[in-house]
Each structure stands twice: as structure tokens, then as C-alpha cells.
Amino acid sequence: MTTDILPQSDTHPESNPEDSMERPGRRRLVAIAVVALLLLGVSTGAAFAWWPGQKADVRAGTTLVTAEGMAARYGIDVNLIGVTAAGGLIEFRYQVVDPDKADRMIHDTTLLPIVVVEDTGATMVISRPHHASELELGGTYFFLFANSHNAIHAGSLVTLVLGDSRLEHIEARG
């Protein structure tokens, strides 16, 4: 058996002069673009909004209201944020004090309730309302949220966000 030794070639990718000239230029261009995008994102405060684990806080930009303020704005009196179904669901129960205002909450997807755990920032949202009937003055209604990762327990302090308003320090009941 004989072994032939092949001559070295000058066409190896690392030794091609054209590639070595082109690559640093591309790398430099990509690096400049990445730095520019990061600087632009940092200056607007949005650089990490897309980063996994870094979600925007839905409470930011909302107005803190009292229970009376929530009733005046959205026509509801918050009765309960409770842990139910062996901890798997969160119930948001409310009573209607102004059917016209409360009806907006049911039909406008930008006004769907959001529950935020105050100490962790865990956020519970629903994708659509589940009330099809007309809301009546004095009627009691509810929304159910999945208790993702068992984030809310009896005694947890939560914030309810509706549209541009938030009601803080609601103690979840079990």
C-alpha cells in the first residue's frame, strides 16, 4: 500500500486573499449596524423589550386610581381577586355600577382586565371577554385567568389594570 502526499493548495478558504479582504469589511459593517441598533434602542428605552424574560410592565403609563375612581371610569366595583380551581385559576369578580361604562370593558379588547402580581411582576391576561349578554346595573360578573406557574396565592398582593388605570394592593383571596 502506498500513501500519496497531496501538494498544498493555495485555494484553502482561510488563505484566499479575496475572502480575507471581504470578510473584515462585512464583519465591520455588521458590527456597526448592531451597535447602531443597540444605541437607538437604549436611547428609546426599548432595547430589551424583545429580549426573552424582559417584558414591558403593563402598569407603566397607567394612572393609579382608588376603587371609587375605577367605578367612575369603568362602571365597576371590584369585589374579588381570588384563587380558585385548586390554584389553577384566578377569578376577577366585579359588580356593575354603570352598565354603559362597564359594557365598554366587555367589548373593547384594549380594556380587558390584566392582573399583575406586585412582588414578581407576573402578568395574567385573557385573550377575549367571555360575557355575551348585556350587563345589568347591580349584576355581578367575573373573568377567569389561568394562574400561570402558580404565580398568585391566597394573600398575594396584585394590581388590576384596566385600560389606562390601575388599582393597586388588592389582596388575593383563597
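Quantities reported herein were computed from a predicted structural model and do not represent experimental measurements.

A. Here's a closer look at the nonpolar core. One finds Ile 76, Tyr 94, Phe 143 and Ile 152 to be the most contacted residues of the largest nonpolar core, which totals 31 residues. Among the secondary structure elements, those contributing two or more residues to this core are helix 2 (67-74), strand 2 (76-84), strand 3 (89-96), helix 3 (99-107), strand 4 (114-117), strand 6 (140-146), strand 7 (157-162) and strand 8 (165-171). Take this core: its biggest share by element is four residues, from strand 3. Look past the residues within four positions of Ile 76 in its chain and what remains in contact with it is Met 70, Ala 71, Phe 92, Tyr 94, Gln 95, Val 97, Ala 102, Met 105 and Leu 162.

B. Up close: the environment of Tyr 74. Here Tyr 74 lies in helix 2. Relative accessible area serves as the criterion here: at 4%, Tyr 74 is assigned to the buried category. Residues Tyr 74 and Lys 101 lie 27 residues apart in sequence; the distance between their C-alpha atoms is 5.0 Å. Apart from the residues lying within four places of it in its own chain, the contact partners of Tyr 74 are Lys 101, Ala 102, Arg 104, Leu 111, Leu 162, Gly 163, Asp 164 and Ser 165.

C. Spotlight on the side chain of Thr 159. The residue Thr 159 is located in strand 7 in this model. Of the residues examined, Thr 159 reaches a relative accessible area of 0% and is grouped as buried. There is a polar contact of 2.9 Å between the side chain of Thr 159 and the side chain of Glu 118. Here Thr 159 is in contact with Arg 59, Ile 114, Val 115, Val 116, Glu 118, Arg 166, Leu 167, Glu 168 and His 169, once residues within four sequence places are set aside.

D. Spatial organisation of the packing of aromatic side chains. In the structure shown here, the tally under the stated rule is four aromatic pairs. Ring plane angle 10 degrees and centroid distance 6.0 Å describe the contact between Phe 92 and Phe 143, whose orientation is recorded as stacked. Taken together, the residues Phe 92 in strand 3 and Phe 143 in strand 6 connect sequence positions 51 residues apart. Residue Phe 92 shares its accessibility class with Phe 143, and that shared class is buried. Arranged with centres 6.1 Å apart and planes meeting at 35 degrees, the rings of Tyr 94 and Tyr 141 form a pair that is tilted.

E. Here's a closer look at the sheet that holds strand 8. The strand order 1-8-7-4-5 describes an open sheet built from five strands, whose pairing is mixed. One side of each edge strand has no neighbouring strand; the edge strands of this open sheet are strand 1 (63-64) and strand 5 (123-125). Taken together, the four bridges between strand 4 and strand 7 define a ladder with antiparallel strand orientation. Bridge pairing links Val 117 to Val 158 in strand 7. Along the sheet, helix 2 contacts strand 1, strand 7 and strand 8; its crossing angle with strand 8, the most-contacted strand, is approximately 140 degrees.

F. The pairing of strand 8, seen in detail. Pairing geometry for strand 1 and strand 8, over two bridges, is parallel. In the sheet register, Leu 64 faces strand 8, and the bridge partner there is Arg 166. Where strand 7 meets strand 8, five bridges bridge the pair, whose relative direction is antiparallel. Considered in strand 8, the bridge of Val 158 is made with Ile 170. The antiparallel hairpin formed by strand 7 and strand 8 contains two residues in its connecting segment, where Gly 163 sits at a positive phi of about 55 degrees.

What counts as what
Position labels on residues start from 1 in each chain and follow its written sequence. Note on the predicted model: pLDDT of at least 70 is required for a residue's local features to be given, and 80 or more for side-chain atom pairs to be given and counted; whole-chain, interface and lining totals, by contrast, use all residues. Heavy atoms from the whole structure form the basis of all side-chain values; hydrogens and water molecules are not counted. We define a nonpolar core as any set of buried Ala, Val, Leu, Ile, Met, Phe, Trp, Tyr and Cys residues linked to one another through side-chain atoms lying within 4.5 Å. For every residue, the accessible area (1.4 Å probe, protein chains only) is compared with the maximum for its type, and the residue is labelled buried under 20%, exposed over 50%, or partly exposed between those bounds. Helix and strand definitions follow DSSP, with helices as H or I runs of at least four residues and strands as E runs of at least two, each counted in order from the N terminus. In this analysis, two residues are considered to be in contact whenever any of their non-hydrogen atoms come within 4.5 Å of each other. Definition of a polar contact: a pair of N or O atoms within 3.5 Å, with one able to donate and the other able to accept a hydrogen when the atoms are protein atoms, and with sequence-neighbouring residues admitted only if both atoms are side-chain atoms. Think of it this way: a Phe, Tyr or Trp ring, Trp meaning its six-membered ring, pairs with another when their centres are within 6.5 Å, and the plane angle makes it stacked under 30 degrees, edge-to-face over 60, tilted otherwise. Two strands make a pair as long as DSSP finds a minimum of two bridges between them. Only C-alpha atoms enter the line fits that serve as axes; for helices the fit covers just the stretch in contact. Angles between N-to-C directions range over 0 to 180 degrees.

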